[in-house]
Amino acid sequence: MRPRCRGQLTPRLPFAPPGVVDWAMAPNLRDPFLQLRQAMVEIIVDHTAETRDVTGLGRIGTQVLDAMLDVPRHEFVPAEIRAYAHTDGPLPIGWDKTISQPFIAALMTELLDVAPTHRVLEVGTGLGYHTAILSKLAASVFTVEIVEELAGQAAERLAQSGCANVTRRIGNGANGWPEHAPFDRIILAAAPELIPPA
């Protein structure tokens, strides 16, 4: 099995009360964006409860929330909007594309129900944020991006994050990726006219 993104997922929820040091998180205290990611995850938890009747989900699993807490979202947005990386909404990433709202990324990932042995096909890499989340949960992620410039930037960002279990391709993901099929899960972060075959 290929190694996943650098860093192990460690259960971190529920969060420690304000003013109390969570020693399990002590190695991350040097991360100036950690508190913003914690707040982002808390908003995801709140949104999940608020939308239970619509989504049918009462909660997002701890592994998905931990992956969202671990992946540095600010590293997957353009530098000029990095300060807004953890806001509760989609953000522009160029070429008329966006990075999904954190709650939507968590919801999609939870509904995908990824297991550690799964091979996942992602159509629409963008800048690689959701790819990095999936790489913490799956054995391998195969991701396709049609916009060459985004694919190049995603490759750099994923490499900097240590995601070694990701295979990337530039192209149209509408036909899937037959050379690596079958896949256990397929997620569409783009809008092809047809859903790719497993």
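Refer to the structure above for everything that follows.
Since the model is a prediction, treat every value here as computed from it, not as a measurement.

Cut-offs and rules
- Chains are numbered independently. Their residues run from 1 in the order of the written sequence.
- Totals for whole chains, interfaces and linings use all residues, but because this is a predicted model, local features are given only for residues with pLDDT of at least 70 and pairs of side-chain atoms are given and counted only at 80 or more.
- For the side-chain quantities, the full set of heavy atoms in the structure was used; hydrogens and water were omitted.
- The definitions used throughout rest on a 1 Å grid laid over the protein atoms alone, on which a cavity is an enclosed set of points accommodating a 1.4 Å probe that cannot get out and a pocket is an open set flanked by protein within 12 Å on both sides along at least five of seven lines; lining residues are those having an atom within 4 Å of a point.
- Grid points are joined across faces, edges and corners, and a volume is the space filled by probe spheres set on the points.
- Labels follow the DSSP assignment, with helices taken as runs of H or I lasting at least four residues and strands as runs of E lasting at least two, numbered in each case from the N terminus.
- Charged residues are taken to be Asp, Glu, Lys and Arg, nonpolar residues to be Ala, Val, Leu, Ile, Met, Phe, Trp, Tyr, Cys and Pro, and polar residues to be all remaining types, Gly included.
- Being paired, for any two strands, means DSSP has found at least two bridges between them.
- Looking down the strands as they point away from the viewer, one classifies a crossover as right-handed if the path from the first strand across the helix to the second runs clockwise.
- Summary of the burial criterion: residues with accessible area below 20% of their type's maximum are buried, those above 50% are exposed, and those between are partly exposed, where the area comes from a 1.4 Å probe applied to protein chains only.
- Helix axes are fitted to C-alpha atoms over the stretch in contact, other axes to C-alpha atoms as well, and angles between N-to-C directions run from 0 to 180 degrees.
- Should any heavy atoms of two residues lie within 4.5 Å, those residues are counted as being in contact.

Engineer: Is there a simple way to explain empty space enclosed by the protein in this structure?
Structural biologist: Counted according to the given criterion, the structure contains 1 cavity of 30 Å³ or more. Met40, Ile43, Ile44, His86, Thr87, Asp88, Pro102 and Phe103 together form the lining of the largest cavity. The set of elements that each furnish at least two residues to the lining of the largest cavity consists of helix H1 (34-50) and helix H4 (102-112). For the lining of the largest cavity, the element with the highest residue contribution is H1, accounting for 3 residues. Here the residues of the lining of the largest cavity sort into 5 nonpolar, 2 polar and 1 charged.

Engineer: Is there a simple way to explain the pairing of strand S5 (residues 166-170) in this structure?
Structural biologist: Taken residue by residue, a regular strand's side chains alternate between the two faces of the sheet. As paired strands, strand S4 (residues 140-145) and S5 are joined by 5 bridges and run parallel to one another. Residue pairing in the sheet places valine 144 in a bridge with arginine 169 of S5. Crossover connection from S4 via helix H6 (residues 148-160) to parallel S5: handedness right-handed.

Engineer: Any chance you could explain unusual backbone geometry here in plain terms?
Structural biologist: The amide bond that connects alanine 181 to the next residue, proline 182, takes the cis arrangement and shows omega of 5°. Within the chain, tryptophan 95 stands out as a residue other than glycine whose phi angle is a positive 55°. Residue position: tryptophan 95 is located in the loop between strand S1 (91-94) and strand S2 (97-99). Among the residues examined, tryptophan 95 registers a relative accessible area of 42% and is labelled partly exposed.

Engineer: Can you help me understand the sheet that holds strand S3 (residues 119-123) in this one?
Structural biologist: The strands making up a sheet are joined through hydrogen bonds of the backbone, oriented either antiparallel or parallel. Strand order in this open sheet of 4 strands is S5-S4-S3-S6, and the pairing throughout is parallel. In this open sheet, the two edge strands, each paired with only one partner strand, are S5 and strand S6 (185-188). Adjacent strand axes in the sheet meet at a mean angle of 15° when their direction is disregarded. Relative to S5, H6 is tilted by about 165°, and along the sheet it contacts S4 and S5.

Engineer: Got a minute to help me understand the side chain of threonine 131 in this structure?
Structural biologist: Examined against the element boundaries, threonine 131 turns out to sit in helix H5 (residues 129-137). Residue class for threonine 131 comes out buried when judged on its relative accessible area of 0%. With residues near it in sequence (within four places) discarded, threonine 131 still touches Glu122, Thr125, Val141, Thr143, Leu158 and Val166.

Engineer: Please explain the environment of proline 116 as it appears in this structure.
Structural biologist: One can find proline 116 in the loop between H4 and S3. In this structure proline 116 comes out as partly exposed when scored by relative accessible area, which is 41%. In this structure the C-alpha to C-alpha distance between proline 116 and leucine 137, which are 21 residues apart in sequence, comes to 5.6 Å.

Engineer: Please explain the environment of proline 78 as it appears in this structure.
Structural biologist: Residue placement: proline 78 occurs in the loop between helix H3 (62-70) and S1. By relative accessible area, proline 78 is classed as buried at 12%. Sequence-wise, proline 78 and leucine 91 are 13 residues apart; in three dimensions their C-alpha atoms are separated by 9.4 Å.

In short, shape yes, function no, at least from these values alone.
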